[in-house]
Amino acid sequence: MGDTNGVTIVIFGASGDLTQRKLIPALYNLFRKERLPDIFNIIGVSRTVMTHQQFRKDMHDAVKEFSAETFKEKFWTGFAKHIWYSPGDAAQPDQLAQVKTFLESKENGTSNRLYYLSVAPGLYPKIVTNLGQLDMTADNKGWRRIVIEKPFGSDLDSALKLNKIVHSHFDESQIYRIDHYLGKETAQNILFFRFANTIFETVWNRNYVDN
């Protein structure tokens, strides 16, 4: 809260399932808890053509379904005022340039910006390269960050190749690689092991863990 520059959150692949099930509900709940900046915009980008109103309606329905326990119209009304949509294929430089123009129209000269790549992995290199070539990665008008969804490459060679492309346009301090299912089976096994053994349940109980 309190950042005078404001923050623009750009979701590439905004018409996809992840945006509806996870991203927008999570941002809505951050807004509800007053954990977003005072000045912010959430801008969805995808190849699907739709209006701001249609995108907001779709996201409204998604939050109502996937965050039913916290959904309230009064919070949504305030949150929806910050949601916009810019149709375009970010893998095409000319279309991403149009998105850039729209972003700048919603920002007050300087704004921090977060890019979230919720797209097919094959599009990562193209979008990252286009962002760099369109001068959308430099921190001179506010910080720039990029979140790259799983999978980050299919093996070591492809991961290293993708890493090289990303580093040619973003500094390491700007990059977030996320895999929300990393170690899923291991975590599930630990939970089963804990609750199936009374000795370990006591040891790992929060009442006996300092930090």
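Scroll up for the structure.
Scanning the chain from N- to C-terminus turns up 8 helices and 6 strands. Reading the secondary structure of the chain in the N-to-C direction produces β-α-β-α-α-β-α-β-α-β-α-β-α-α. Its C-alpha atoms give the chain principal-axis dimensions of about 60 × 50 × 30 Å. Counting only residues that meet the buried cut, the chain has 40% of its 211 residues in that class. Summarising the internal contacts of the chain: among those between residues at least 6 apart in sequence, 77% fall at separations of at least 24.

Omega for the peptide link from K150 to P151 comes to -5 degrees, which places this bond in the cis form. Looking at where P151 falls in the secondary structure, it is placed in the loop between β5 (144-148) and α6 (156-167). For E34, which is not a glycine, the phi torsion comes out positive at approximately 60 degrees. Here E34 lies in the loop between α1 (17-32) and β2 (40-46). For E34, a relative accessible area of 60% translates into the label exposed. Even without being glycine, D135 reaches a positive phi, approximately 60 degrees. Among the secondary structure elements, D135 is positioned in the loop between α5 (124-133) and β5.

This brings us to the pattern of salt bridges. Applying the stated rule across the entire model yields 4 salt bridges. Here K57 makes a salt bridge to D61, at a shortest N to O gap of 3.1 Å. Taken as a pair, K57 and D61 lie in helix α2 (residues 52-66) at a separation of 4 residues, close to a single helical turn. Judged by relative accessible area, K57 falls into the partly exposed class, the value being 46%. The shortest N-O distance in the salt bridge between R113 and E107 comes to 2.7 Å. By relative accessible area, R113 is classed as buried at 3%.

Here 6 strands make up an open sheet; going across it, the order is β3-β2-β1-β4-β5-β6 and the pairing parallel. Each edge of the open sheet is held by one strand with a lone partner, namely β3 (83-87) and β6 (175-177). Between one strand axis and the next, the sheet turns through 20 degrees on average, direction left out of account. Where strand β1 (residues 7-12) meets β2, 6 bridges bridge the pair, whose relative direction is parallel. Residue pairing in the sheet places V7 in a bridge with F40 of β2. Where α1 meets the sheet, its contacts fall on β1, β2 and β4 (112-117), and the angle it forms with β1 comes to roughly 165 degrees.

Our next topic: the nonpolar core. In this structure, F12, Y115, L117, L131, I146 and F170 are the most contacted members of the largest nonpolar core, which totals 26 residues. Among all residues touching L131, those that are not within four sequence positions of it are F12, L96, Y115, M136, T137, I146 and F170. Within the second largest apolar cluster, 23 residues are counted, among which are I9, L27, F55 and V63.

Procedures and definitions
Residues numbered from 1 in each chain as written. Predicted model: local features only at pLDDT ≥ 70, side-chain atom pairs only at ≥ 80, totals over all residues. Heavy atoms only, no water. Helix = DSSP H or I, 4+ residues; strand = E, 2+ residues; numbered from the N terminus. Buried < 20%, exposed > 50% of the residue type's maximum accessible area, 1.4 Å probe, protein only. Contact = heavy atoms within 4.5 Å. Salt bridge = Lys/Arg side-chain N within 4 Å of Asp/Glu carboxyl O. Pairing = 2+ DSSP bridges. Axes fitted to C-alpha atoms, helices over the stretch in contact; angles between N-to-C directions. Core = buried A, V, L, I, M, F, W, Y, C linked by side-chain atoms within 4.5 Å.

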